Amino acid sequence: MNAPPRYELYVLEDSERPVEVVEDTKIPNAATIKVVKQDHTLANLIRAQLLTMPEILFAGYKVPHPLQPYFLIKIQTDGSITPTAILEQACTKLIGTMVTLENKFKREFSFKDVGGVVPDDPYGTGAAGGSDWAQGKDYLDF
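Computed from a prediction, not measured in an experiment: that's the story for all the values here.

### Some remarks on the sheet that holds strand E2 (residues 30-36)
Then, number 1: The strand order across the open sheet formed by 4 strands is E1-E2-E4-E3, and the pairing between neighbours is antiparallel. A single partner strand is all that each edge strand has here, and the edge strands are strand E1 (19-23) and strand E3 (56-62). Direction aside, neighbouring strands of the sheet carry axes that sit 15° apart on average.
Then, number 2: Alignment of E2 against strand E4 (residues 70-77), held across 7 bridges, turns out to be antiparallel. Bridge pairing links Thr32 to Lys74 in E4.

Rendered as structure tokens:
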């Protein structure tokens, strides 16, 4: 097979750096950042977070080849902040979002341990039991 061994997709070698930054000489306030041993999951999260920030003029990523475990993310700012600094801010905000999500997830599942007191209708639609199909929905919540 052409696929590399699975451990090579996430284990850094001794001489390998996890992040490399290359400043763009043709575009002002821009940089290309290579993130090693990661894939579309992290790249799309970072890109989406960057695009929510007002200082960003452009943010995009590409995975050059599916068998190569790295992605390139291109960032251009308005000049009020450097691309590396805005990337650090975006990663910090993503970590905060993930911590919040984890806490909400744990809180919801802790209700299950309280003694089975979980509302039958977690969405508050007033449909306590019965068939959701009969209420005009084209899907069924489990």
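### Re helix H1 (residues 40-51)
Then, number 1: In this model, H1 (12 residues) spans 16 Å end to end at C-alpha, consistent with the 16 Å of a helix rising 1.5 Å per residue.
Then, number 2: Turning to H1, its buried residues are Ala43, Ile46, Gln49 and Leu50. All buried residues of H1 fall inside an arc of 135° around its axis, so they share one side.

### Overview of the nonpolar core
Then, number 1: Ranked by internal contacts, the top residues of the largest apolar core, which has 16 residues, are Ile46, Leu50, Ile56, Ile73, Ile75 and Ile86.
Then, number 2: Those elements giving two or more residues to this core turn out to be E2, H1, E3, E4 and helix H2 (83-112).
Then, number 3: Ranked by the residues each element gives to this core, the list is headed by H2, at 4 residues.
Then, number 4: In contact with Ile56, other than residues within four places in its own chain, are Leu50, Leu51, Ile75, Gln76, Thr77 and Ile86.

Conventions we followed
Residues numbered from 1 in each chain as written. Predicted model: local features only at pLDDT ≥ 70, side-chain atom pairs only at ≥ 80, totals over all residues. Heavy atoms only, no water. Pairing = 2+ DSSP bridges. Helix = DSSP H or I, 4+ residues; strand = E, 2+ residues; numbered from the N terminus. Axes fitted to C-alpha atoms, helices over the stretch in contact; angles between N-to-C directions. Expected span 1.5 Å × (residues − 1). Buried < 20%, exposed > 50% of the residue type's maximum accessible area, 1.4 Å probe, protein only. Arc of directions from axis to C-beta. Core = buried A, V, L, I, M, F, W, Y, C linked by side-chain atoms within 4.5 Å. Contact = heavy atoms within 4.5 Å.

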